[in-house]
Every structure is written in C-alpha cells, then in structure tokens.
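Survey of secondary and tertiary structure
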Amino acid sequence: MEIPAPLRLRVDRDTLVSNWQALDRMSGAAACGAAVKANGYGLGATLVAETLAKAGCRDFFVANWAEAQALAPLGVTLSVLHGLRAEDLPVAKAGFARPVLNTPEQIARWRDSGGGPCDVMVDTGMNRLGVSVEAVRGGLLDGLSVETLHSHLACADEDVAMNARQQAAFASLKGKSPARRMSLANSAGIGLGTAYHFDLTRPGLALYGGTPRANMADDLRQVAWPEAQILQRRRVTAGETVGYNATWTAPADTEVAIINLGYADGYRRALSGLGAAMVDGVILPVLGRVSMDLIAIDATARPDLAEGDWVAMAYDLARASAACGVSQYELLTGLGQRFGRA
Ligand SMILES: *Cc1c(COP(=O)(O)O)cnc(C)c1O
C-alpha cells in the first residue's frame, strides 16, 4: 500500500527551463549544458534532464557511472566528471556516456581498452581533478578522440585575480589539443563574461535557482519548493511560547499552523525564526525553533488554512543562505529522502 507523503518537493519545470534559457543567453555563442550530478542537486536528475533536453539542452554532466546509468534511457549526451576507474570500464564501454578523463592513468586505461570518444579535465589551479596544462602541451592527449576539454574555476563566485589566471592558462591550450570543444564555466563562471565561455558552459546551481553572483540574480528564480501539510492549527494566546526552548513568545494572540517538515528533511534549524512559508504570495513566518520533523508558522494572515492543507516554503536560496550561513549548494542537496518528489 502506497502511503502519500505529508511533504513533497515541487519542481517548477517552467522556471527550470527559463533559468536554463537565461543561462544559455548569458553564455553567448557558447552552448549551455547542465550539471545534473547528485540527483540533479536533489531535485531529481531524470525530471531535470528530461525537462531541459526538451528545451534544447544537449550536454549533461554527472559525477559517477551509476548516475549516468540512471539517465541512459533518456538518450541524452552524458559526461561522467569523475572519470574512469578500473571498475567502471565495463559500463563505460557500453557507450551511453563519455568519461571525463582526469589522470594519465585514466587516459592510459581508456587507450588500452580501445579508446573512443571521451572528455578530458585539465587542472588550471584548483588542484582538484584533472591533468596538468604542461602534460596537455606535451602531447598527453595526442591521438585521443577528445570531444570536450574541460577545466574548472575555483573562485568564480568571487572577484579575485585567480579567475583571470585560470582563464589564461586554459586559453593557452586553444589549438594545442585534439579537443573539438573547450569548456570552463560553471554557473558563476558564466557571470564572469565572454572570455570565460569558450564553446560550452556547465551550470548547475543557477539552473535550480541559486544565485552564484549578484549580477545574475535578476534572471534566476526559485525552482525547488519544499511543501508540507498542516498537521494542526492552534491559537496561541499573548504571552505563551512556541516550540523547543520557548524561543518565541506571542506578542499578541496568534494563529499558528504546525507543518510536517523539519531539519531532518534538510530544512535547516538555522532557519529558526528566519524562514517563512509562502501561500499565494502571503508570507507566513516560521515561529521559534525548527524541530526535527515539525515547524510552526504564523497563519494569522490565512484564517482559511486548515489541517490537511498544503503550504509551500519560501526557499530563495541566496536569501536563505545569507540568513542561515549554509551554502546555497547544501540547502539544495540537503533536502532529504522523505519528500515525495514529482
Ligand atoms: C558541479 C560542477 C559544475 C556545476 O557547478 P555549479 O557551481 O553548480 O554551477 C560544473 N563543472 C564541474 C566540473 C562541476 O563539478
């Protein structure tokens, strides 16, 4: 028997598409792909990839081969960012995704297995994944069938000299490798301007409504809406308190709704007293502590809301992140397993 969940994560597909279209426009002449690793940043990789493929997105990025396999039925172009372990060879040879080769060992493994279309990551200063710029110049990729040469920016959400240094290091490889295309920019990198766009961009966060740089905020809107059912409605009289540690005291008689959502679902306890639900554009503030599985909201402005009704949470990632000090990425990927997802 399927029991309907008392909380759900609503993905606003139209806004997902309009965010991608905005990023595609901002990417100028470069194509705009989509990072859908970590189950589409928690929103559902299949739903996201299917929606964006229909909108015209052609390049999708996942972290590992299990994530690629889950999207294989869609028939979209997939690149696996974490490359090719020995254990990955059988699945990689099935041909539904390209490895992004990160080390000389991975490159040798791919060549020895017969090669074929692949991507390559070059490290331009982040010191995370990728082969060195010098190795590429030295011919490490000669004879490989490289579709896209990638690099990744460490500080694209900041205005620091490192961005230009990484851009210059990557640009110095133009025409120096067998790659058909070059790709550098994540979401924030798109906002750094044309010099960073190369042939293909790889946004993740911004697709899902995150704002990596203030200059991109106007074009990006909330995609992920945590929604929960009201379990109880009560009247709290002036002077009474609500929730753990009695951190909120009613200044006047207040209508309170208790909803089925909490920090165990990724709605951070740090949003206690800071977050809000939003019902038909009306803000209903979170009152007191966020509990593990429950939140109290001020429902005075909506006398019609009753037990069993659904409310959506305002979950503007930039604002929530500024309010509670948790990164926009974690606010998305931390949304838990108890949500019904549709
Ligand atoms: C995750 C990731 C992206 C997307 O980054 P956002 O900051 O979410 O836009 C792009 N490229 C690589 C290599 C990544 O790992």
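Within each chain, residue numbers correspond to sequence positions counted from 1 in written order. Per-residue local features are limited, in this predicted model, to residues with pLDDT of at least 70; the limit for side-chain atom pairs, both in listing and counting, is 80 or more; totals at the level of whole chains, interfaces and linings are taken over all residues. Side-chain numbers come from the whole structure's heavy atoms, not from hydrogens or water.

**Quick word on the site of the ligand**
- We define proximity as follows: a residue is near a molecule or strand when any one of its heavy atoms falls within 4 Å of that partner. Inspection of the region around the ligand gives 14 residues, with K37, Y41, S187, L205 and Y329 positioned closest.
- Pairing of N or O atoms within 3.5 Å defines a polar contact, subject to two protein rules: one partner must be a possible hydrogen donor and the other a possible acceptor, and residues neighboring in sequence count only if both atoms are side-chain atoms. The side chain of Y41 places a nitrogen or oxygen atom 2.5 Å from an oxygen atom of the ligand.
- Residue G204 places a main-chain N or O atom 2.8 Å away from an oxygen atom belonging to the ligand.
- Computed with the Shrake-Rupley method and a 1.4 Å probe, the accessible areas treat only the protein chains shown as cover for residues. Relative to its unbound accessible surface of 390 Å², the ligand loses 93% to contact with the protein.
- Asp, Glu, Lys and Arg are counted as charged, while Ala, Val, Leu, Ile, Met, Phe, Trp, Tyr, Cys and Pro are counted as nonpolar; the rest, among them Gly, fall into the polar class. A per-class count over the shell around the ligand returns seven nonpolar, four polar and three charged.

**Details of the pairing of strand β5 (residues 77–80)**
- Both strand β4 (residues 59–62) and β5 contribute to a ladder of four bridges, which runs parallel. Each residue of the ladder has a partner; that of V62, found in β5, is V80.
- We call a crossover right-handed when, viewed with both strands directed away from the observer, the connection leading from the first strand over the helix to the second proceeds clockwise. Working definition: helices are DSSP H or I runs of at least four residues, strands are E runs of at least two. Numbering for both runs from the N terminus. For the crossover from β4 across helix α4 (residues 65–71) to β5, the handedness is right-handed.
- Direction of pairing for β5 relative to strand β6 (residues 98–101): parallel, over a ladder of two bridges. Within the sheet, the bridge partner assigned to V80 lies in β6 and is P99. Any two strands between which DSSP finds at least two bridges are classified as paired.

**A word on the domain arrangement of the chain**
- By domain assignment, the chain separates into domain 1 (33–208) and domain 2 (224–341).
- These domain boundaries are the output of an automatic or database domain assignment. Between the C-alpha centres of domain 1 and domain 2 there is a distance of 38 Å.
- Taken together, the five residues of domain 1 in the interface contact seven residues of domain 2.
- Once two parts are joined, some of their accessible surface, as seen by a 1.4 Å probe, is lost; buried area is that loss totalled over both. By the criterion of area lost to domain 2, the three top residues of domain 1 are Y41, L43 and L205, representing 63% of everything that side buries.
- At the junction of domain 1 and domain 2, the tally comes to one residue pair in polar contact (both at pLDDT 80 or more).
- For the side of domain 1 that touches domain 2, the per-class residue count stands at four nonpolar, one polar and no charged. Contact criterion: two residues are considered in contact whenever any of their non-hydrogen atoms come within 4.5 Å of each other.

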